[in-house]
Amino acid sequence: MRQSLVVGNWKMNGTRSSSELLAKSIITGLGSSSANIAVCVPYVYLFAINELIKNTPLALGAQNVADKLSGAYTGEISAVMLGEFNCKYALVGHSERRSYYGDTNESVAARFCQAQGEAIIPILCIGETLEQREQDKTFAVIDAQLSAVISLAGIEAFSKAVVAYEPVWAIGTGKTATDDEAQEVHHYIRQYVAAKDQAIADRIQILYGGSVKPNNAGGLFAMPDIDGGLIGGASLDAESFLKIYHSI
Ligand code: PGA
């Protein structure tokens, strides 16, 4: 039985005080649920949010991690640095990083390995653009995104990783994949991993991301291969985020 996971991705939003307020409101509303929950916050708020979540079920994540260990890489943040703030998770390969900041399948694979080197669980984000979907390239894109990581890290590395399927056309657009469309790709991802290691495929958490809201989360999370969600916009409002969490 896989444990569910709901992760908020705050992206480049908020201020220190609004972020602290958001984290506090989430913690207050957590109640009891068997699902895991985390928030991926801007780097500069890791310290403040880490102070607030100590001894609570809310876990902390970063939105990216450097593809190098350390050195002359101006503007980058290493996995060692993230580890100092108790980051349990780091997103790697988010589509906004891939499309606006030049992340490639290869650099994403290197980030994935750097995170794991510090025992941070990478949340590997993959997904196709609208154009790729319309050209029937969805599965080819997924293959390329997964295989780059598997060839660098090895399939065993997926026993300590999370995959997030986020169709690019559904991110921040209000267009969600239907439950069946999402399930089809989640199933494909699990089969892809299963072809290399069945036990890892059975255990790996595969999250759906892309305009998840309180009104569509329940249907998505009920699908057999969807183990939770990566939530952008709706994670900026404690009430919506908690509703999504409780709909698992
Ligand atoms: P969204 O973002 O929920 O605002 O579509 C999801 C994501 O980018 O992770």
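All values derive from a computational prediction rather than experimental measurement. (Residues numbered from 1 in each chain as written. Predicted model: local features only at pLDDT ≥ 70, side-chain atom pairs only at ≥ 80, totals over all residues. Heavy atoms only, no water.)

**Considering the overall build of the protein chain**
Next up, step 1: If you tally the helices and strands in the protein chain, you get eleven helices and eight strands.
Next up, step 2: Taking 18 Å as the expected radius of gyration for a compact globule of 248 residues, we find that the protein chain reaches 17 Å, a close match to that expectation.
Next up, step 3: Taken along its principal axes, the extent of the C-alpha atoms in the protein chain is 45 × 45 × 35 Å.
Next up, step 4: Looking at the protein chain residue by residue over its 248 residues, the buried ones come to 51%.
Next up, step 5: A separation threshold of at least 6 residues defines the contact pool for the protein chain, and within that pool the share at least 24 residues apart is 72%.
Next up, step 6: Roughly 11000 Å² of accessible area belongs to the protein chain as shown, and the carbon and sulfur atoms make up 52% of that amount.
Next up, step 7: Averaging the locations of the 19 positively and 26 negatively charged side chains of the protein chain gives two centres separated by 4 Å. (Helix = DSSP H or I, 4+ residues; strand = E, 2+ residues; numbered from the N terminus. Rg over C-alpha atoms; globule rule 2.2 N^0.38 Å. Buried < 20%, exposed > 50% of the residue type's maximum accessible area, 1.4 Å probe, protein only. Contact = heavy atoms within 4.5 Å. Areas by Shrake-Rupley, 256 points an atom, 1.4 Å probe, with all protein chains shown as cover. Lys, Arg positive; Asp, Glu negative; His and termini not counted. Charge placed at Lys NZ, Arg CZ, Asp CG, Glu CD.)

**Re the sheet that holds strand β4 (residues 87-92)**
Next up, step 1: Here eight strands make up a closed barrel; going around it, the order is β1-β2-β3-β4-β5-β6-β7-β8 and the pairing parallel. Between one strand and the next, the sheet's axes are offset by a mean angle of 25°, whatever the strand orientation.
Next up, step 2: Sheet topology places strand β5 (residues 121-126) next to strand β6 (residues 162-165); four bridges connect them, and they run parallel. Residue pairing in the sheet places C125 in a bridge with A164 of β6. (Pairing = 2+ DSSP bridges. Axes fitted to C-alpha atoms, helices over the stretch in contact; angles between N-to-C directions.)

**A word on the nonpolar core**
Next up, step 1: Counting 67 residues, the largest nonpolar core has I26, L124, L146, F158, I189 and Y208 as the members making the most contacts within it.
Next up, step 2: With six residues, the top contributor of residues to this core is helix α8 (residues 179-194).
Next up, step 3: Among all residues touching L124, those that are not within four sequence positions of it are V92, R98, V108, F112, L146, V149, F158, V162, V163 and A164.
Next up, step 4: Of all hydrophobic cores here, the second largest spans 13 residues; its members include L91, V162, A164 and L230. (Core = buried A, V, L, I, M, F, W, Y, C linked by side-chain atoms within 4.5 Å.)

**As for helix α2 (residues 46-53)**
Next up, step 1: Every buried residue of α2 is accounted for by L46, A48, I49, N50 and I53.
Next up, step 2: Following α2 by one or two positions, N55 adopts a phi angle in the positive range, close to 60°.

**Observations concerning the pattern of salt bridges**
Next up, step 1: Taken as a whole, this structure holds eleven salt bridges when the rule is applied.
Next up, step 2: Among the ionic pairs, K54 bridges to E51, the shortest N-O distance being 3.1 Å.
Next up, step 3: Residue K54 is classed as partly exposed on the basis of its relative accessible area, which comes to 43%.
Next up, step 4: Overall, E51 belongs to the partly exposed group, its relative accessible area being 39%.
Next up, step 5: In this structure, E76 engages R111 in a salt bridge whose closest nitrogen and oxygen atoms are separated by 3.6 Å. With E76 in the loop between β3 (58-62) and α3 (79-83) and R111 in helix α5 (residues 105-117), the pair connects residues that are 35 residues apart, well separated along the chain.
Next up, step 6: In the salt-bridge network here, residues are joined through shared partners; they are R2, R190, D225 and D227. (Salt bridge = Lys/Arg side-chain N within 4 Å of Asp/Glu carboxyl O.)

**Points about unusual backbone geometry**
Next up, step 1: In this structure, K11 is a non-glycine residue whose phi angle is positive, near 50°.
Next up, step 2: Along the chain, K11 turns up in the loop between β1 (5-9) and α1 (16-29).
Next up, step 3: In this structure, S211 is a non-glycine residue whose phi angle is positive, near 55°.

**Quick look at the packing of aromatic side chains**
Next up, step 1: Across all of its chains, the model carries five aromatic pairs by this definition.
Next up, step 2: For the pair Y100 and Y101, a centre-to-centre distance of 6.3 Å together with 85° between the ring planes defines the contact as edge-to-face.
Next up, step 3: Look at Y101 and you get exposed, because its relative accessible area is 55%.
Next up, step 4: A cation over a ring is seen here: K196 above Y192, with NZ or CZ 5.2 Å from the ring centre. (Phe/Tyr/Trp six-rings, centres within 6.5 Å; stacked < 30°, edge-to-face > 60°. Lys NZ or Arg CZ within 6 Å of the ring centre and 35° of its normal.)

**Some words on the environment of G93**
Next up, step 1: Locating G93 in the fold gives a position in the loop between β4 and α4 (95-100).
Next up, step 2: Of the residues examined, G93 reaches a relative accessible area of 1% and is grouped as buried.
Next up, step 3: Distance from G93 to T56, taken between C-alpha atoms, is 28 Å for residues 37 residues apart in sequence.
Next up, step 4: Those residues in contact with G93 that lie beyond four places of it in its chain are R98, V108 and C125.

The values are spatial; any link to function lies outside them.
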